[in-house]
Amino acid sequence: MADTTLSRRNLLGLAAAAPVAMLLGAGAAAQGAAPCVNPDTLPASQKNRRRSLNFVAQSPDPKKSCGKCAFFTGAAGGCGKCQMLSGGIVSAASVCDSFAPKG
Ligand code: SF4
């Protein structure tokens, strides 16, 4: 009987904590999608290059992203540099038309 009560308490505790965990998870996902650089502060050459390559901050295709691209050199925090963008800072979650899978 005591085990049943504890189980119910544990379940109630989990049920109460689940929405909080979901909110924290959503916050982490949103942070992961955050750009590594403010696009508004980029020099015109970087803006034009990104525009010409159809660069997007968040890849719509999980199989294609900067983090999986041969031109990407990773750094801390999910950010890195892209050779096609002359070393411009990109997020591992971004992508552009010049994506080339790592060999
Ligand atoms: S070439 Fe495109 S997909 Fe590859 S790292 Fe650079 S911006 Fe990302």
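For the structure itself, look to the data block above.
Remember, it's a predicted structure, so these values are computed and weren't measured experimentally.

*Asks:* Run through the site of the ligand, naming residues and quoting values.
*Replies:* Every residue close to the ligand is listed here: Phe 55, Cys 66, Cys 69, Phe 71, Phe 72, Cys 82, Met 84, Leu 85, Val 95, Cys 96, Ser 98 and Phe 99. Here the ligand occupies the largest cavity. Residues belonging to the shell around the ligand are distributed by class as follows: eleven nonpolar, one polar and no charged.

*Asks:* Any details on the state of the cysteines? Residues and values, ideally.
*Replies:* A complete count under the given rule lists one disulfide for this structure. In this model, Cys 36 is linked to Cys 79 through a disulfide, with the two sulfur atoms separated by 1.9 Å. The disulfide joining Cys 36 to Cys 79 has a torsion of about -90 degrees about its S-S bond and is therefore left-handed. With Cys 36 in the loop between α1 (2-32) and α2 (44-52) and Cys 79 in strand β2 (residues 79-82), this pair connects stretches of sequence that are 43 residues apart. Judged by its relative accessible area of 26%, Cys 36 is partly exposed.

Conventions we followed
Residues numbered from 1 in each chain as written. Predicted model: local features only at pLDDT ≥ 70, side-chain atom pairs only at ≥ 80, totals over all residues. Heavy atoms only, no water. Near = heavy atom within 4 Å. 1 Å grid on protein atoms, 1.4 Å probe; cavity = no way out; pocket = protein on both sides within 12 Å on 5 of 7 lines; lining within 4 Å. Sits in = over half its atoms within 2 Å of the grid points. Nonpolar A, V, L, I, M, F, W, Y, C, P; charged D, E, K, R; others polar. Disulfide = S-S within 2.5 Å. Helix = DSSP H or I, 4+ residues; strand = E, 2+ residues; numbered from the N terminus. Buried < 20%, exposed > 50% of the residue type's maximum accessible area, 1.4 Å probe, protein only.

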